Amino acid sequence: MFRDALLVAGKDLRIELRSRIGINQILPFALLVLLLFAFALDPDSGVLDRATPGLFWLAVLFSALLAIQRAFAIEAADGNRDGLRLSGLDPAGIYLGKMAAIFTQLAVLELVLGVGVLVLYSAHVTGWVLMIATCVAATAGIAAAGTLYGVVAAGLRVRETLLPLLLLPVLSPVLIGSVRAFEAARNGNPGEGWPWVGLLTVFAVAYTIFGAFGFGPLLEES
Amino acid sequence: MEPVVHLRSAVSLLGRFPALAGVDLDVMAGEIVLLQGPNGAGKTTLLRTLAGLVPVVSGTAVVLGVDLCRDRRSLRPRVGLLGHATMLYDELTVADNVRFWARAARSSRADAEAAMGALGLDGRLQDVVVAKLSTGQRRRASIAVMVARRPELWLLDEPHAGLDGEARDVVDGLVRHAASSGATVVVASHELDRARHLAGRTVTIVGGVIAGSGAAPDVAVAAEPSTLPMADESTAKTEVHHVP
Amino acid sequence: MTSVPTATAPSAPDTAPTATGRIGTGSRGTRILGLVALVGIAVATYLALVSSPPDENMGDSVRIIYIHVPIVVVAYVGCLITTLGSVMVLWKKSVWWDVTAAASAEIAMVTTALTLVIGMAWARPTWGVWWVWDARLTSTAMLLLLLLGYLAVRRIPAETSTRSRRAAIVGVLLLPNVIVVNRSVTWWRSLHQDTTILNTLQPKIHDQMAFALYFAIPVALVMFAWLLVHRWRLAWMEQQLEDRELDQAISDRRAEAASGRAEDGPR
């Protein structure tokens with residue numbers, strides 16, 4: 001299973017490296033969202049400053065939708081779903097591989113977004129460890145749930161509108177948790193933030209396990 | 001000897017539509033069988049069913065010893081399906097694609113290289129991204145992917161389509177080589193002349209049911225609606241049908 | 001497998017489809033259920049509006065809990081049934097449970113929407129605003145969205161087996177998601193002090209009020225059951241119709257093949 005996961009993750013990342021959709025389209029979209037927030041929330045009024053953690057994670061969530069759609073659009077082309085079914089790859093391995101690829105792409109995105117937020121919103125950063133732990137746990141949760149709901153919506157004509165409707169309510173705990181953790185880090189009380197990281201971790205683990213089992217049945221006849 | 005393919009009254013659905021409405025078929029190991037019939041008769045669905053992609057809702061279906069009514073998944077890695085879709089990743093090169101699918105099927109790197117070589121895809125062509133290939137080259141790449149997986153049962157849907165004469169000869173050679181190595185081949189094709197030389201037996205499917213079966217050279221059956229069939233009484237088992 | 005599978009569970013017991021008359025989803029069972037529900041509603045209304053006392057702080061507006069709480073209970077029960085049904089669909093591939101899950105989710109969605117509307121109708125005269133970001137109201141809004149997501153999957157243009165399977169996966173996660181969202185939102189809102197506005201308005205439930213409330217809840221559940229049975233039967237009949245069309249399609253296909261052969265036959 002892990003061998004298959006590595007194979008699939010490698011394949012997905014290689015496709016991303018070749019096509020550079022993530023770098024050319026999704027990343028700019030994320031930065032665009034940051035700018036739009038500034039337009040909407042008037043940088044001079046101080047709202048932007050207070051809302052920075054929330055805006056960061058909103059930008060991540062919206063970009064994640066694009067990344068997940070892309071991850072499954074790759075497979076929609078020309079019979080690749082059949083190919084995956086015929087290949088003999090373990091469905092749980094395919095799930096983990098896709099999840100890992102999405103995780104990696106989101107991690108890179110968050111890095112760049114973090115820099116963007118530091119620069120654009122003049123944010124101050126304290127509590128590094130907490131923030132990094134939050135990013136890891138939250139991103140894992142987004143990738144896990146996203147891969148699962150991504151395959152539910154995959155291959156359907158309505159997938160672009162269905163995925164956000166399914167995924168965003170499910171990820172609202174991740175949004176709440178990650179923003180609270182970031183706020184705790186910024187306010188200098190990491191103690192308040194770590195319980196939220198705990199929630200995020202449980203979420204990520206639970207979805208990973210469920211996704212690994214659920215992926216197989218979902219891959220069957222589209 | 002156990003047949004590699006054993007179907008009795010097999011019914012398969014495409015959504016609500018019974019594409020296979022009760023198929024009886026036996027294929028022995030090492031055979032090359034030509035599957036023919038008019039469009040919409042169920043050739044593609046039959047091949048996909050034999051690959052384990054389409055569920056069999058009633059009847060008996062055993063392929064390579066696997067009961068399709070119970071467990072289709074274990075069958076799939078042992079079968080090679082060449083369909084209308086290329087099953088290639090457009091953004092990756094030929095070599096990336098062949099190696100990925102080969103590794104997924106637990107084939108060795110050497111198998112992948114050999115398959116590409118056999119189809120003339122070595123050298124410069126290997127590193128070309130699939131999106132930039134011509135139709136014929138893409139087809140060859142799909143075939144290379146299938147060959148690299150070393151399947152026990154080859155299911156080919158119009159394998160000659162989109163290929164030039166030389167490539168077609170290569171494909172025929174690969175098919176004959178596979179059969180002589182113990183694999184079994186089922187080919188669906190409209191190109192009767194070429195396919196009949198290849199196949200040892202012809203099976204005709206009409207309306208989701210097998211309408212006839214016989215030794216290839218003896219049976220001349222219409223595949224297109226406009227041509228008339230010729231009756232042949234020499235083989236008792238042969239049934240000839242009109243395509244209206 | 002030796003036969004084309006039709007609906008595997010026995011058909012709904014009291015349904016009386018006849019060759020002549022209209023086929024409905026009513027039956028003796030549902031008529032009794034409906035009657036009980038109506039009587040219950042009448043009694044509950046009396047208890048709620050007449051015989052129970054108004055609250056010390058809130059006055060008569062407290063009476064809204066007699067409809068608000070039961071409706072919420074129905075919504076959560078509906079979610080539970082949908083999740084349970086989805087588990088059964090994945091485990092036993094049961095068509096019966098698939099239909100139940102779908103019907104239950106539909107009713108749950110309507111009752112959740114109703115809960116929100118009632119909540120907002122209460123908030124306005126009581127606090128002067130249409131919406132407060134308290135844990136319960138926010139969670140209920142998220143519940144509605146989760147249900148809408150599930151129902152959207154039930155409507156996707158795809159084959160029945162695909163649709164059932166995908167809906168089942170989403171359905172299995174429905175109740176867990178509801179719980180996780182609920183917990184997160186509650187935890188989050190408890191960090192803020194905005195909830196004081198609600199705390200002071202928390203009604204103390206006296207005996208008569210308790211009685212009215214605890215009477216209203218089962219009444220609402222009976223009504224839910226009535227709705228569920230009707231919706232279920234409707235969906236079941238649609239399913240049977242599809243199956244019959246399938247059998248017809250199979251025999252048509254066979255006839256096409258046979259006539260193609262029979263026209264000439266061996267000469």
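Residues numbered from 1 in each chain as written. Chains lettered and ligands numbered in written order. Predicted model: local features only at pLDDT ≥ 70, side-chain atom pairs only at ≥ 80, totals over all residues.

**Quick notes on unusual backbone geometry**
Right, on to step 1. In the Ramachandran plot, Arg106 of chain B falls in the positive-phi region, its phi being about 65° despite a non-glycine side chain.
Right, on to step 2. For Arg106 of chain B, the location among the structural elements is in the loop between helix H2 (94-104) and helix H3 (109-118).
Right, on to step 3. Judged by local crowding, Arg106 of chain B falls into the partly exposed class, with 15 C-beta atoms found within 10 Å.
Right, on to step 4. A positive phi angle, near 55°, is found at Lys93 of chain C, a position not held by glycine.
Right, on to step 5. Along the chain, the position of Lys93 of chain C falls in the loop between helix H2 (65-92) and helix H3 (95-127).
Right, on to step 6. Note on Lys93 of chain C: 15 C-beta atoms within 10 Å, which makes it partly exposed. (Helix = DSSP H or I, 4+ residues; strand = E, 2+ residues; numbered from the N terminus. Buried ≥ 20, exposed ≤ 12 C-beta atoms within 10 Å, placed from the backbone.)

**A few points about H3 of chain B**
All names here are of chain B.
Right, on to step 1. Taken residue by residue, H3 has Ala112, Ala115 and Met116 as its buried positions. The buried residues of H3 occupy an angular sector of 95° when the element is viewed end-on, so they sit on one face.
Right, on to step 2. Turning to H3, the residues buried within the fold contact H2 and helix H4 (135-148).
Right, on to step 3. The first or second residue beyond H3 is Gly120, which carries a positive phi of 70°. (Arc of directions from axis to C-beta. Contact = placed C-beta atoms within 7 Å.)

**Notes on the interface of chain C and chain A**
Right, on to step 1. Each side of the interface is counted separately: chain C has 23 residues, and chain A has 21 residues.
Right, on to step 2. Broken down by element, the side of chain C that touches chain A gets its largest block of residues, seven residues, from helix H4 (residues 135-154) of chain C.
Right, on to step 3. Of the residues in the side of chain C that touches chain A, the class split is 16 nonpolar, five polar and two charged. (Nonpolar A, V, L, I, M, F, W, Y, C, P; charged D, E, K, R; others polar.)

**A look at the nonpolar core**
Right, on to step 1. In this structure, Val152 of chain A together with Val98, Ala144, Leu155, Val185 and Val187 of chain B are the most contacted members of the largest nonpolar core, which totals 218 residues.
Right, on to step 2. For this core, the element with the most residues is helix H6 (residues 128-153) of chain A, which contributes 16 residues. (Core = buried A, V, L, I, M, F, W, Y, C linked by C-beta atoms within 7 Å.)

**Side note on the interface of chain B and chain A**
Right, on to step 1. Across the boundary between the two partners, chain B contributes 22 residues, which contact 18 residues of chain A.
Right, on to step 2. Counting only elements with at least two residues in the side of chain B that touches chain A, the list comes to strand S6 (79-82) and H2 of chain B.
Right, on to step 3. Element by element, the count of residues in the side of chain B that touches chain A is highest for H2 of chain B, at five residues.

**What about helix H1 (residues 2-19) of chain A?**
Right, on to step 1. Between its terminal C-alpha atoms H1 of chain A stretches 25 Å, which fits the 26 Å expected from 18 residues at 1.5 Å a residue.
Right, on to step 2. Those residues of H1 of chain A lying buried are Asp4, Ala5, Val8, Ala9, Lys11, Asp12, Ile15 and Glu16 of chain A. The arc that holds every buried residue of H1 of chain A, seen down its axis, measures 155°, which confines them to one face. H1 of chain A presents Phe2 and Leu17 of chain A as exposed residues on the side facing more than 90 degrees away from its buried surface.
Right, on to step 3. The inward-facing, buried residues of H1 of chain A abut helix H2 (21-41), helix H3 (47-76) and helix H5 (91-120) of chain A together with H2 of chain B.
Right, on to step 4. Just downstream of H1 of chain A, Arg20 of chain A is the residue with a positive phi angle, here 55°. (Expected span 1.5 Å × (residues − 1).)

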